[in-house]
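Geometric and topological summary
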Amino acid sequence: MGVSWKSRPKIIEYWPDGVDYVMGMDESGTADLVSISRKMNAGKEHEIDFTMKDFTLTGVIVDKNRYDELKKAVNAVKFKYWENGLSEYKGVPKRVCFHSRDIRKKSAPFNKLDPVLFTTSITEMIQAVDAKIISCHIDKLAHYKKYTTPIHPYHLSAQFILERFCNGLNEGGMTGIVMLESRGKKEDQFVLDYIVKIIEEGTNANSPRHFRNIAGVYFNPKWWENDNSQSSFVILEYADLVCFPIHKQHRGGDLSKGNPSYDIVEKKLYKYPSHKGWGLKIWRP
């Protein structure tokens, strides 16, 4: 594979030889501090609510021998509710792609489903998949107020997650790659540059040697274009589905109706039941 992935964002389409694990990452909430800065500078801190101030980044880790099981589990739900697991997106037939926001908003192609039955199927699928989860939740308002020049929340959460991912890799003498959803060339480069900096220079807590078993960092779209969008990158979908319950649990909103999905996701957190600070990092400085 070389190190060509370090210079600019690249897609990965096949599992590389010699790689034991893949970690797919997705987020809930917005990572930037611009809106908080504007409110604070205008003396309107009281207008900053949980929809603005909280950010969660989540990594889902699957080993090579279990990845086909993940694909089968995710696609089984798609084939159950859509013919051939396909739906039209702007008039183009594509593999259904699970996106938690679209599911919650009942947007197409999730607008004609029985919500109870479909939610049950998604929940059972999440529970059945053999995966480990590492997640970081950041209170952006507290972070902004604490530091004169606060580190970008995405960078900070990625650092926490990569440190813990590599802890597991190093303990087993394994190698892993990281897959993120592509957001655009500029945004992807912004993330890649920081991750490469961590790998090559280390962090305050860990030397570069700690990150030696990361074999690549890649940015994939929702659909596999070389398969005419008839396939999707399921680990990114799974990361999306499990990230929101974590975000909801810790953002400070209304939990009066419960958050049953979190009870399932929590048990998959790295080092559960001793997962606090490991599988789950809460940052409220």
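In short, a report on the structure.

1. Here's the deal with the packing of aromatic side chains
Summed over all chains, the structure comprises 14 aromatic pairs. Taking 5.4 Å as the distance between ring centres and 65° as the angle between the ring planes, the aromatic pair formed by Trp 15 and Tyr 67 counts as edge-to-face. On the criterion of sequence distance, the pair formed by Trp 15 in the segment before β1 (21–28) and Tyr 67 in helix α3 (residues 67–81) is long-range, its members being 52 residues apart. Judged by relative accessible area, which is 14%, Tyr 67 ranks as buried. Ring centres 5.8 Å apart and planes at 35° place the aromatic pair Phe 110 and Phe 118 in the tilted group.

2. Structural notes on the nonpolar core
By size, the foremost hydrophobic cluster in this structure holds 78 residues, and its most contacted members are Phe 98, Met 125 and Val 217. For this core, the leading source of residues is helix α7 (residues 153–172), giving nine residues. In this view, Val 217 contacts Trp 5, Val 178, Leu 180, Leu 192, Ile 195 and Ile 199; residues no more than four positions away in its chain are not counted.

3. Thoughts on the environment of Gly 85
Considering the arrangement of structural elements, one finds Gly 85 in the loop between α3 and β3 (86–89). Linking Gly 85 and Gln 230, residues 145 residues apart in sequence, is a C-alpha distance of 8.9 Å. Once you skip the residues sitting within four places of it in the chain, Gly 85 turns out to touch Lys 78, Phe 79, Lys 94, Arg 95 and Val 96.

4. Brief notes about helix α9 (residues 234–250)
For α9, with 17 residues, the first-to-last C-alpha span of 25 Å sits near the 24 Å given by 1.5 Å per residue. For α9, a buried count of 15 out of 17 residues is recorded, marking the element as mostly surrounded by other parts of the structure. Directly beyond the C-terminal end of α9, a positive phi value near 90° is found at Gly 252.

5. Description of the pattern of salt bridges
The full count for this structure, using the stated rule, is 15 salt bridges. Where Glu 163 meets Arg 164, a salt bridge forms, and the shortest distance between an N and an O atom there is 3.5 Å. No difference in accessibility class separates Glu 163 from Arg 164, as the two residues are buried. When salt bridges that share partners are traced, they join Asp 26, Glu 27, Glu 181, Arg 183 and Lys 222 into one network.

6. Topic: unusual backbone geometry
Here the bond from Ala 108 into Pro 109 is cis, since omega is 5°, no more than 30 degrees from zero. With respect to the helices, strands and loops of the structure, Pro 109 is situated in the loop between α4 (100–105) and α5 (115–128). Residue Tyr 272 is joined to Pro 273 through a cis peptide bond whose omega torsion reads 10°. The topology assignment puts Pro 273 in the loop between α10 (260–266) and β8 (280–283). Residues other than glycine seldom take positive phi values, yet Lys 106 does so here, at roughly 55°. With respect to the helices, strands and loops of the structure, Lys 106 is situated in the loop between α4 and α5. Residues other than glycine seldom take positive phi values, yet Asn 228 does so here, at roughly 55°. Relative to the assigned elements, Asn 228 resides in the loop between β7 (214–220) and α9. By relative accessible area, Asn 228 is classed as exposed at 63%.

Rules used in this analysis
Residues numbered from 1 in each chain as written. Predicted model: local features only at pLDDT ≥ 70, side-chain atom pairs only at ≥ 80, totals over all residues. Heavy atoms only, no water. Phe/Tyr/Trp six-rings, centres within 6.5 Å; stacked < 30°, edge-to-face > 60°. Helix = DSSP H or I, 4+ residues; strand = E, 2+ residues; numbered from the N terminus. Buried < 20%, exposed > 50% of the residue type's maximum accessible area, 1.4 Å probe, protein only. Core = buried A, V, L, I, M, F, W, Y, C linked by side-chain atoms within 4.5 Å. Contact = heavy atoms within 4.5 Å. Expected span 1.5 Å × (residues − 1). Salt bridge = Lys/Arg side-chain N within 4 Å of Asp/Glu carboxyl O.

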